[in-house]
Amino acid sequence: MMQHNSSGGRRDSRDQIDDSYLQQQLQQDELSDDDNAAPDMQEEEDIAEKEDPFKLALDDLEGRVAVAINDVKCHPGVRSSGGVPVHDELATMLRPVIEVAAHTAPSIARSYYSGGPDGVEASCDEVYDRVVSDLVLPFMLEIAQSDTIPAKRSASLEFFHSFWTECQKAGSWLDSSIKGAGQGQYFPPNLGPYGSGSASGHSATTTATTPVLRAQQKRRVQKRTAHESEILRYWIKASSYCTVPGVFTSDVSEDAVSSRGVIAASASLRPALRHICRKIQDADDKGAVKLYIPCMKMVEGVFNKLFAADSGEGVRSACLKFLEIVAVCCSSRGQSDSRRRSKAHNSRDFSIEDLPEGHPIITKEALESIAEYAMSVLRGFVTMGGQVKIDSNLMSDVMVINDGLPSTSVVNILKPAALSYLALESSVAVDEDQQVEFDIDRSIAEYEFNLSHKSYSLAINAVSMLAVNRPDFFEEAATCLARRAADPPLPTSDSNESGLSKSGSLAVSAHLKATCLTLLRNPLSVTRRGSEILHKALVKHEMTQQADKALAMARQAAALKTAGRAARNRAQMFYEWDASEQTDKRSSKRSRETDDALSKMRAAKKARGLGNGIQLPSSLVDAVELILLNLKNLPSSRPTGGVNKSRKRAITFDYVVDAVMTNGASLAEDEGRWYERDGGNCWSLEIGEGDTKNIECNYKLDEKTLLAAEVGRDATKKIAKEERSEKKATEELPKIFRMQCQTAASQALNRIIKTTANSHGNGMIDFGNQVAAKLAWTLRNVKPSSVLKDSQEVAAESIHRVGSKIWEGQKGNALASLPDKENTVDQPGLEKFVEEYPLVAACLAKDLTPNLGANTSTPSLNQPSTISNPSHTLAASVLNEAYMESCQSPRDVKKLHYVKAFDIFAATVVHNSDQANSKPNDAEKKRVATLGTSAITQDLGILPYIPPSSLRFLGGLCDIGGITKKAQDAGRKASSQTIATSAAINAGKMSAEKRATAALIAIRDVTFQRSKIETRRAAVDCAISIAAGLIPSSSAIEDKALKLVMNVLFPKNENIRAFVVEAAISALEHAAEYSIQNYDKFKQVKTEGSSSKDQEQSSFVVDEEKLAIERVKKPALLFMALCVREPDMMKQLMQQTCRPHADLLATAARENMAKLTRALAAKHGSADIALQVAEMAGTDEIPMLLAFLDNLTPVGDRNLPPEDLIEACHKIQESKSSPDGGKDPRFIIPVVTGMKRVDLVKKLPEFVLADDHIFMAALEQMGSRLNRHALIYRDEPDEENPVLTGMTLCEIFVCLHRMDFASSKIPQKRYLDAVRLCLEDEEIFTDAVVREALDYISGSFLAEDATLPLAYMRTIILTCSKHESLHNWICHMLLPRLIEGKVYSDRRQWEGWMRCARMLETAGVDGIQEAINKLPSEQLELYRTKYPPQ
């Protein structure tokens, strides 16, 4: 029995008090010399304690808790009454402990506190420490750790769960109803354990407005977090102790305690992880690790129980559920649509998205690895029915990591188990077409253990739950479940030890099928690519109807998630109607069948001309009586009025059959229109003799019809003899008969297409399409029927719109023509072909005609069964027929027919895509455009020959600039579009981009798979045209085309590389031609715009020029990208950009030269590529070479040009010298920032001799990297070994004055002009720079006793006239210093000094008289003699 001390209890879990603190307390007790003082004080304290109600209440709480815990420890562990289980009995005994610790204790602290607002905190802390921290938690942990009775251990584990739940209620220690706790909000003192304990007041959270309240809030939040951390640690430790093996000798007791421990671990894992996240957010890394380590120990213990071969069924089931929770918590939520659309996030859920970044140990990568292996283990359980034998080699140091991290031990347990299954899975070959077939012999596999029925069901549920709640796992979960459903587990037999009984095997099989059906119904099966294998698995179990319905629901739900508001509203209305129909009694099956029969009967009467017929009474008796009464009124003979005695067609059996087959329509037909009755009476069948297998049948045309045809032919001949020769007349047929034959043939073709569309087998579809294709090519100049008329009009419109756009581009646009004649589009020839073969055009466009299936007289001509398989489409049959005719006939006409037919098909696809882009709200147009794109991309891989001209049409699919602009406009905040319209436009843009991407993929496949050179070249030309902007497109598609050319086509082989280079050069040449042709236009517009005062006109000029530059920039960018791969192409680039008047192309090239130079330097080296490009450049290409060298220099103040690049530039300068030996300084300007200062001083005369703009550009480049030191003249550390690079502006100005222009053969005038140019550029050489340079020269003149430069005083005079801000400095500092240096000893300098002084004196500058008076008397007299005082 436990001995309880009411004054304090036990403190097993708390830190011990410091020894120094104890010694200090003892010293304070011994300060008094009075022997009676201490006993008196102790007695007073005892009396006060006895009278304090708070102390008395606290002692009472401790006593109640101690009694309840003692009763539990003394319990024998078996139920005392017959009806109550022992676990419920122990829970009832521990209920007072939970009530006191969770609710009564904080209530006592709130009721009996004293000392103001801080008193309630002190009382709550004391109550919590004495009741919860020192008494309840340690003793309950002791029971869970060391009690020998399994029931009491289980009760202690259940206690921690219940205590955690109760502590989160209103007024308790972990009051979870305080929404602002820890999130920057202030909760008043009446909330949580410090208030009344009611949840009603928790909504009044406000913001802490005073420092006192903020400090109080922070302090209370910290205490709440500490309490939560302590309770979780005890809970986790208790769960871990119960999973330790070998505690009980009895396996039953061991399994009972272990299963309860695993359940407790499952309940404590999510709260612990959420608390760890809060610790990391509060920057308490140590506190997070303090809870994270025992948490991982707990997980490790549970997983050891899972893979133990001797674990019982209850333990393994609980471990499987725990494994599911671990996989969920350690994985990512992904982009789950259901979770993303939910209004409120489930606060109890946890994923790695909730884990903050920055912790060195607790990382997302560590948890993700746990989740991946946990998922693999679960898949192995479901697929194999147990744990595959773990190879001992997997336990070696190669596979097991020992890095000391807490999560590593968990991974080391899961990893061998997962790898053992993955190794077995990877060894089985899976057919891509039959992914559901997973041929593995499980009977020969060795197992650690097999799953029972319960464990198997839990594993299936775990995989299913992960698939739904963690979309990243959906595909592999669906694959796993589908494969197992296709091959369900068998019951245990002599050859199979699955661990399942017969009933268990059937139950697991049914569970697998139900789970697959549930997952297939989920929209994630469509978006996460798992629907196909799930559908195959269900079909294998003869559940096709259920699978089709589930898949349709998933597709509809997935489509509605991204659909607009209108689509969702329509879906809701459909569901409402469907529900109403189910509740309506009139919509029963029998009523519907009756209504259908009545409607059919009325339609048949109306077709026979009976109208409503004789209206008889509904009662049969009344109807018979009415007929009998009217029998006597019948006339004795048939009336003659209104009866046609000369019936053209006798009523025979064939007549009746014809009327029945046509539903009475033949009764109203003209006998002359025999072709509208499916032959009618015109054909007769004669059956010959023979056995049942070989019967001869002969079909003959009716004699009357033949006679009519012969009479018509004779009449035509007779008329023709009078007008033309006999020979020509015999070749003509009667006009009426010929028209009837054409109409009959057209309708026959329509019936064949109709029958084929209603067929289900591929063989019948192929046969029907082949017959229809043959007829379409045979029936030349035959007009299509009314049904196919729309398709023929669509084909004609496609040729007119798409073909004319390409045709006009070929004729007038210099950027859009290709040299090969086979690549060109003959738009007039295509229009003529459509008129000559209208049925061929109609058949080609039949599957691509929008709303054709809406006609009730014909089936849907866009059925997925035909369009999804390109080899079974009518268009493919027409093209195949044309190709076979071209192969059999040596004439080029047949080949031309195939080419034109393919062009019409491609033009129709592009036209439908354009229509869908122009009307993004039209779902039908979007559907047809998508199906057409899919058909042509697949046909390009199936058809035997691809005409190069059709690839020009295929590039039209990338023309999505219009829909892209619409989407951008709709995305603006100021857009007037509604939400539904904006959503439809964005959806249309995405569909257009998908179609354009499919076209690029088809171009790639044609380039790689076709053998004909002209086809491959045309495909490459098409890709180059899209990437270079020659074919209109969006920026995203142009980038994809550029990546296709550079990363896929160009590196493939030498032939394709040559095609790419040839097409790129052609595109660049066209860009240059466009620039030259528009040079005069933009020059004139610029001149008019600059002279015009209209601001709008000027902006229009700028915009026009930008558009023109943007147009030629795309070919330039493409060519530059190829130059990185082939540097020799730089010659072509420089030649084209430096052509006369190609300013637009040159501007575009210079704007993007930096990207090219960086790429070339990184791949080939800056010095080598500079020399290589310089060798290619001629005299006309020097401007582009200079731009190349300028951009080749590294960017940034700290990035100096390398030495090899500097040497390369000097070599280039030498190689490009003029015939007279003159060197062009422009070649070294890009690298002057990296040259030594001593070298730059030597090069300075070359810059001075150059033109003014070259000279100033060189000076600006010298000081560009030393702007921060522009006012400093640096001194060399070692004059013999100079190291300073570049020149500051101050150094440039000083060296320019000190330059010996005479020895450098520089005219004095040019030398003085160079100084003047520097002074005039006030943006570079500011007044501060000029002042510091003049100051440095004067200081050197004074200190070194040197002579002043020739232009020095002239510079000072120019400075006085330009920089008024330097007047005072010149008067007070510079002029006196020059007097001190005896400037008057040099006649020219003295003359300059006097002029400067006189200029300042005339300007009335203060202090100039003081400077003048400092002159010696002789010089002062000379000055005054020349310049008398004013």
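Caption draft 1: Focus on the overall build of the chain. Looking only at helices and strands, the chain has 58 helices and four strands in total. Across the 1430 residues that make up the chain, the buried fraction comes to 46%. By sequence separation, contacts in the chain at least 24 residues apart represent 71% of the contacts at least 6 residues apart. Put simply, the chain shows about 73,100 Å² of open surface, and 52% of that area lies on carbon and sulfur atoms.

Caption draft 2: Spotlight on the packing of aromatic side chains. Using the criterion set out here, one finds 20 aromatic pairs in the structure. With 5.1 Å between their ring centres and 35° between their planes, F833 and Y837 make a pair best called tilted. According to the relative accessible area criterion, Y837 is buried, its value standing at 6%. Here Y898 and Y945 contribute two aromatic rings whose centre-to-centre distance is 6.0 Å and whose plane-to-plane angle is 40°, an arrangement assigned as tilted. Here Y898 is found in helix α33 (residues 892-918), whereas its partner Y945 is found in the loop between α34 (923-942) and α35 (948-954), with 47 residues between them in sequence. Residue Y898 shares its accessibility class with Y945, and that shared class is buried. Counting every residue linked through ring pairs, the aromatic cluster contains Y1384, W1390, W1393, Y1423 and Y1427. Positioned above the aromatic ring of F449, the side-chain terminus of R316 is 3.7 Å from the ring centre.

Caption draft 3: Geometry of unusual backbone geometry. One non-glycine residue, N781, lies in positive phi territory at about 60°. Mapped onto the secondary structure, N781 falls in the loop between α27 (762-778) and α28 (786-812). Positive phi is not limited to glycine here, since H1141 has a value of about 70°. Within the secondary structure layout, H1141 lies in the loop between α43 (1130-1137) and α44 (1143-1151). Taking relative accessible area as the criterion, H1141 reaches 41% and is therefore assigned partly exposed.

Caption draft 4: Seen up close, the nonpolar core. Within the largest apolar cluster, 208 residues are counted, with the highest numbers of intra-cluster contacts made by F1255, F1325, I1356, I1370, L1378 and W1393. Beyond its immediate stretch of four places on either side in the chain, L1378 contacts S1338, F1341, L1348, Y1352, M1353, I1356, V1383 and W1393. Of all hydrophobic cores here, the second largest spans 138 residues; its members include V100, W173, I362 and L517.

Caption draft 5: Summary view of the pattern of salt bridges. Enumeration over the complete set of coordinates arrives at 53 salt bridges. Ionic pairing is found between E254 and K305, a salt bridge with its closest N-O pair at 3.2 Å. Of this pair, E254 sits in helix α8 (residues 251-281) while K305 is found in helix α9 (residues 285-306), placing the two residues 51 residues apart along the sequence. Comparing E254 with K305 shows no difference in burial state: the two are buried. For R1316, the salt bridge identified is with D1313, shortest N-O distance 3.6 Å. Taken together, the residues span about one helical turn, with R1316 and D1313 both in helix α52 (residues 1308-1320) at a distance of three residues. Among the residues examined, R1316 registers a relative accessible area of 28% and is labelled partly exposed. One salt-bridge network, held together by shared partners, links K55, D59, E62, E126 and R130.

Caption draft 6: Layout of helix α40 (residues 1054-1077). A rise of 1.5 Å per residue sets the reference length of α40, with its 24 residues, at 34 Å; its end C-alpha atoms lie 34 Å apart and thus fit the reference within 8%. Its side-chain oxygen 3.2 Å from the backbone nitrogen of N1055, N1053 forms the N-cap of α40.

Caption draft 7: Expanded view of helix α38 (residues 1013-1027). For α38, with 15 residues, the first-to-last C-alpha span of 21 Å sits near the 21 Å given by 1.5 Å per residue. The buried fraction of α38 is high, at 12 of 15 residues. Listed in full, the buried residues belonging to α38 are T1015, R1016, A1018, A1019, V1020, D1021, C1022, A1023, I1024, S1025, I1026 and A1027. Of the residues flanking the end of α38, it is G1029, one or two places downstream, whose phi is positive at about 80°.

Caption draft 8: View of the packing of α40 against α43. Where α40 meets α43, the axes come as close as 9 Å, and the angle between the chain directions of the two elements is 15°. What the angle tells us is that α40 and α43 run roughly parallel. Crossing geometry of α40 relative to α43 is assigned as right-handed. Between α40 and α43, the contacting residues are I1065, L1068, E1069 and A1072 on the first element and Q1132, L1133 and Q1136 on the second. For the contact of α40 with α43, the class distribution of residues is four nonpolar, two polar and one charged.

Caption draft 9: A look at the side chain of S913. Looking at the secondary structure, you find S913 in helix α33. When its relative accessible area of 1% is taken as the criterion, S913 is described as buried. Setting aside anything within four residues of it in sequence, one finds S913 in contact with A929, L957 and R995.

Caption draft 10: Structural detail: the packing of helix α10 (residues 313-329) against helix α14 (residues 453-469). Taken N-terminus to C-terminus, the directions of α10 and α14 make an angle of 5°; their axes are 9 Å apart at the nearest point. What the angle tells us is that α10 and α14 run roughly parallel. For the pair α10 and α14, contact is made by E313, R316, S317, L320, E324, A327 and V328 and by K454, S455, L458, A462, M465 and L466, respectively.

Caption draft 11: Looking closely at the confidence of the model for the chain. Confidence in the prediction of the chain, expressed as mean pLDDT, is 77, and 73% of residues score 70 or more. Within the chain, no element has a lower average pLDDT than helix α1 (residues 19-29), which sits at 38, and none a higher one than α10, at 92. The low-confidence segment residues 1-45, where pLDDT is below 50, has 28 contacts with residues more than four positions distant or belonging to other chains. Throughout residues 641-646 the model reports pLDDT below 50, and contacts reaching past four residues in sequence, or to other chains, amount to zero contacts.

Caption draft 12: Focus on the environment of T1233. Checked against the element boundaries, T1233 lands in the loop between α48 (1203-1215) and α49 (1237-1249). Its relative accessible area of 3% is what places T1233 among the buried residues. Note: C-alpha distance between T1233 and E1260 (27 residues apart in sequence) is 9.9 Å. Leave out the neighbours within four places in its chain, and T1233 touches L1200, P1201, Q1261, M1262, S1264, R1265, T1285 and G1286. At 2.9 Å, the side chain of T1233 forms a polar contact with the side chain of R1265.

Caption draft 13: Fine view of a negative patch on the surface. On the surface, E353, E365, E368 and E372 cluster together to form a negatively charged patch. Counting through the fold element by element, E368 comes out in helix α12 (residues 364-384). Since its relative accessible area comes to 38%, E368 is described here as partly exposed.

Basis of the calculations
- Residues numbered from 1 in each chain as written.
- Predicted model: local features only at pLDDT ≥ 70, side-chain atom pairs only at ≥ 80, totals over all residues.
- Heavy atoms only, no water.
- Helix = DSSP H or I, 4+ residues; strand = E, 2+ residues; numbered from the N terminus.
- Buried < 20%, exposed > 50% of the residue type's maximum accessible area, 1.4 Å probe, protein only.
- Contact = heavy atoms within 4.5 Å.
- Areas by Shrake-Rupley, 256 points an atom, 1.4 Å probe, with all protein chains shown as cover.
- Phe/Tyr/Trp six-rings, centres within 6.5 Å; stacked < 30°, edge-to-face > 60°.
- Lys NZ or Arg CZ within 6 Å of the ring centre and 35° of its normal.
- Core = buried A, V, L, I, M, F, W, Y, C linked by side-chain atoms within 4.5 Å.
- Salt bridge = Lys/Arg side-chain N within 4 Å of Asp/Glu carboxyl O.
- Expected span 1.5 Å × (residues − 1).
- Polar contact = N/O pair within 3.5 Å; in protein donor to acceptor, adjacent residues only side chain to side chain.
- Axes fitted to C-alpha atoms, helices over the stretch in contact; angles between N-to-C directions.
- Parallel < 35°, antiparallel > 145°, perpendicular 65-115°, else oblique.
- Left-handed = near helix turned anticlockwise from the far one by under 90°.
- Nonpolar A, V, L, I, M, F, W, Y, C, P; charged D, E, K, R; others polar.
- pLDDT = per-residue confidence, 0-100.
- Patch = residues over 30% accessible without salt bridge, like charges linked within 9 Å, V, L, I, M, F, W, Y side chains within 5 Å.
- Lys, Arg positive; Asp, Glu negative; His and termini not counted.
- Charge placed at Lys NZ, Arg CZ, Asp CG, Glu CD.

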